[in-house]
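Descriptive analysis of the structure
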Amino acid sequence: MKVLVIGGGAREHALCRSLSLDPAVTALHCAPGNAGIADVAELRAVDALDGAAVAALATELGAELVVVGPEAPLVAGVADAVRAAGIPCFGPSEEAAQLEGSKAFAKDVMARAGVPTARSYVCTAPEEVEEALDAFGAPYVVKDDGLAAGKGVVVTDDLAKAREHANACERVVIEEFLDGPEVSLFAITDGVTVVPLQPAQDFKRALDGDQGPNTGGMGAYSPLPWADPKLVEEVMETVLQPTVDELRRRGTPFSGLLYAGLAITGRGVRVIEFNARFGDPETQVVLARLKTPLAGVLLAAAEGTLIDLPPLRWSDDAAVTVVVASHNYPDTPRTGDPITGLDEVAAQDAPHAYVLHAGTKHDGDAVVSAGGRVLSVTATGTGLTEARARAYTAVARIGLDGSQHRTDIAAKAAADSSAGAAATA
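Because the structure is predicted, anything quoted here is derived from the model rather than measured.

What counts and what doesn't
Residues numbered from 1 in each chain as written. Predicted model: local features only at pLDDT ≥ 70, side-chain atom pairs only at ≥ 80, totals over all residues. Heavy atoms only, no water. Pairing = 2+ DSSP bridges. Helix = DSSP H or I, 4+ residues; strand = E, 2+ residues; numbered from the N terminus. Axes fitted to C-alpha atoms, helices over the stretch in contact; angles between N-to-C directions. Core = buried A, V, L, I, M, F, W, Y, C linked by side-chain atoms within 4.5 Å. Buried < 20%, exposed > 50% of the residue type's maximum accessible area, 1.4 Å probe, protein only. Contact = heavy atoms within 4.5 Å. Parallel < 35°, antiparallel > 145°, perpendicular 65-115°, else oblique. Left-handed = near helix turned anticlockwise from the far one by under 90°. Salt bridge = Lys/Arg side-chain N within 4 Å of Asp/Glu carboxyl O. Phe/Tyr/Trp six-rings, centres within 6.5 Å; stacked < 30°, edge-to-face > 60°. Lys NZ or Arg CZ within 6 Å of the ring centre and 35° of its normal. Arc of directions from axis to C-beta. Polar contact = N/O pair within 3.5 Å; in protein donor to acceptor, adjacent residues only side chain to side chain. Expected span 1.5 Å × (residues − 1). Patch = residues over 30% accessible without salt bridge, like charges linked within 9 Å, V, L, I, M, F, W, Y side chains within 5 Å. Areas by Shrake-Rupley, 256 points an atom, 1.4 Å probe, with all protein chains shown as cover. Lys, Arg positive; Asp, Glu negative; His and termini not counted. Charge placed at Lys NZ, Arg CZ, Asp CG, Glu CD.

Bringing the sheet that holds strand β11 (residues 194-196) into the picture now. Read from one edge to the other, the open sheet built from 4 strands follows the order β11-β10-β16-β17, with strand pairing classed as antiparallel. The sheet is open, and its two borders are formed by β11 and β17 (268-275), each paired with just one other strand. Sheet twist, expressed as the average angle between the axes of neighbouring strands with direction ignored, equals 35°. Sheet topology places strand β16 (residues 256-265) next to β17; 7 bridges connect them, and they run antiparallel. When the bridges of β17 are listed, Gly-261 appears paired with Glu-273.

Right, let's get into the nonpolar core. One finds Leu-4, Val-66, Leu-240, Phe-274 and Val-320 to be the most contacted residues of the largest nonpolar core, which totals 76 residues. The element best represented in this core is helix α9 (residues 231-249), accounting for 7 residues. Dropping the residues within four chain positions of it, Val-66 is found in contact with Leu-4, Ile-6, Ala-58, Val-82, Ile-87, Pro-88, Cys-89 and Phe-90. Of all hydrophobic cores here, the second largest spans 43 residues; its members include Phe-90, Val-297, Leu-306 and Leu-312.

Locating Ala-48 in the fold gives a position in the loop between β3 (42-43) and α2 (51-61). Classification of Ala-48 as buried rests on a relative accessible area of 17%.

Before going further, it helps to examine the packing of helix α1 (residues 10-20) against helix α10 (residues 282-289). Packed helix pairs are characterised by how far apart their axes lie and by the angle those axes make with each other. Closest axis-to-axis distance for the α1/α10 pair is 8 Å, and the angle between their directions is 15°. In terms of axis orientation, α1 runs roughly parallel to α10. At the point where α1 passes α10, the crossing takes the left-handed sense. Touching Ala-10, Arg-11, Ala-14, Leu-15 and Ser-18 of α1 are Thr-283, Gln-284 and Leu-287, all from α10.

Enumeration according to the criterion identifies 23 salt bridges in this entry. Ionic pairing is found between Glu-175 and Lys-107, a salt bridge with its closest N-O pair at 3.0 Å. With Glu-175 in strand β9 (residues 172-175) and Lys-107 in helix α6 (residues 103-113), this pair connects stretches of sequence that are 68 residues apart. Comparing Glu-175 with Lys-107 shows no difference in burial state: the two are buried. Taking the shortest distance from any N to any O, the salt bridge between Asp-349 and Arg-397 comes out at 2.7 Å.

A few words now on the pairing of β16. Summarising burial for β16: 9 of the 10 residues are buried, a large majority. When strand β10 (residues 182-189) meets β16, the two strands line up antiparallel, connected through 8 bridges. Along β16, the bridge assignment pairs Thr-189 with Gly-256. Hairpin geometry of β16 and β17 is characterised by an intervening segment of 2 residues between the two adjacent antiparallel strands.

Before going further, it helps to spend a moment on the packing of aromatic side chains. Summed over all chains, the structure comprises 5 aromatic pairs. Here the aromatic rings of Phe-186 and Tyr-259 are separated by 5.1 Å at their centres, their planes lie at 35°, and the arrangement is tilted. Of this pair, Phe-186 sits in strand β10 while Tyr-259 sits in strand β16; the two residues are 73 residues apart in sequence, bridging distant segments of the chain. Exposure remark for Phe-186: the relative accessible area of 1% places this residue in the buried category. Residue Tyr-259 is classed as buried on the basis of its relative accessible area, which comes to 4%. One cation-aromatic arrangement involves Arg-17 over Tyr-354; the distance from NZ or CZ to the ring centre is 3.6 Å.

As a further point, take helix α8 (residues 159-168). Within α8, the full set of buried residues consists of Ala-162, His-165 and Ala-166. Seen end-on, α8 carries its buried residues on one side only, within an arc spanning 100°. Of the residues in α8, the exposed ones pointing more than 90 degrees away from the buried face are Glu-164 and Ala-168. With a side-chain oxygen positioned 2.9 Å from the backbone nitrogen of Ala-160, the residue opening α8 is Asp-158.

Under the 1.5 Å per step criterion, the end-to-end length of helix α13 (residues 384-397) is 20 Å for 14 residues, consistent within 8% with the ideal 20 Å. When we look at burial in α13, the residues that qualify are Leu-384, Ala-387, Arg-388, Ala-391, Tyr-392, Ala-394 and Val-395. What you see down the axis of α13 is that its buried residues fit within an arc of 155°, all on one side.

What follows deals with a negative patch on the surface. A cluster of acidic residues, Glu-127, Glu-128, Glu-131 and Asp-134, forms a negative patch on the protein surface. As for its position among the elements, Glu-127 is in helix α7 (residues 126-136).

Taken across its 5 residues, strand β7 (residues 140-144) has 4 buried, putting it largely inside the fold. Here β7 runs beside strand β8 (residues 153-156); their pairing, made up of 4 bridges, is antiparallel. Bridge pairing links Val-142 to Val-154 in β8. Bridging between β7 and β9 involves 4 bridges; their strand directions are antiparallel. The residue of β9 that forms the bridge with Lys-143 is Val-173.

The next subject is the side chain of Glu-246. Secondary-structure assignment places Glu-246 in helix α9. Note on Glu-246: relative accessible area 6%, which makes it buried. Of the polar contacts made by the side chain of Glu-246, one reaches the side chain of Arg-250; its length is 2.7 Å. If we ignore the near neighbours within four places in the chain, the residues touching Glu-246 are Val-109, Arg-112 and Ala-113.

Here it is as structure tokens:
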């Protein structure tokens, strides 16, 4: 199978790494890719938002499957253009991708499907904003209705900050605060059949202890030893299948990756948001644990044959990923700094730990930073404690001037899991 992956972040590097390990994949291309993806796939230049250009590239390469990684090309209709060219594509249509492209649309779908979520108001005027903020009170949850690269949400006790963010958005969703731990659950679907992946938890705040501004994600881990063993089954029944069924009923079937961001509240599971693609950095840890070859699963979703697949196989190992970010991220990051230590990680930590590139590029023979989130250092182990240790050992080998990373990714879950194991021993 010849596969073309669209995108250039750590999510796409994780996808390309898994696809490169699949014996069924005979040729792997990525557009535009990055310095790390170049080690496992042939890089191609393309405007990822131009559906005609992506379809033309896929045709030129003889691609038998196109995988669209980021949300912006999906919302721009790139998957539609690829399918119109007669090539199977993993990723929802422009209409179905509105599940991520518009939070107001997602709320309407959830209401019609009976999916549990936070109460909310959609506001387009300052007076509506004031009424909504007053109705819910602090902590205030204010979400830009459109795409915002994971940074369009403000959660704050400061009324002035909430008001400022809301009034800076053309259309905004203001909703009640959901207490409890958060979980990311991905599902692969062909528009009818839904196949859940393993749950993960990510860390949105920039600093240790969940302090600092929201980011695209600073790390993640899987599995979740503290989660109810029936969580996936419950979310399938109350969230994922009803949502897919509702979108099909509307005539806009959703085929691709459905991402449910969940809060485990005192009143049960509630949906915080939907995404229409693999999440970053959760993809890095979920795919690290997937034993089933990836290409056949994605192709089955693209061709509507998921029901014929055997159950997915998973490793019992844990996985942890730690994001190394540029100086000043998530504000305007500094780029162009040389990255060192990549060869040392490959030589000393593989296969249990490896580096997935996000914002990188080649500058001559050197690899330099080219974005806010630069690397996802990912490791596996027999438990979270071992996976964490391996990830942070690898992080310590990386040199990037002014870089930052959180030191507490999966720390609490690892400690609680170890304490639980000791108590039952």
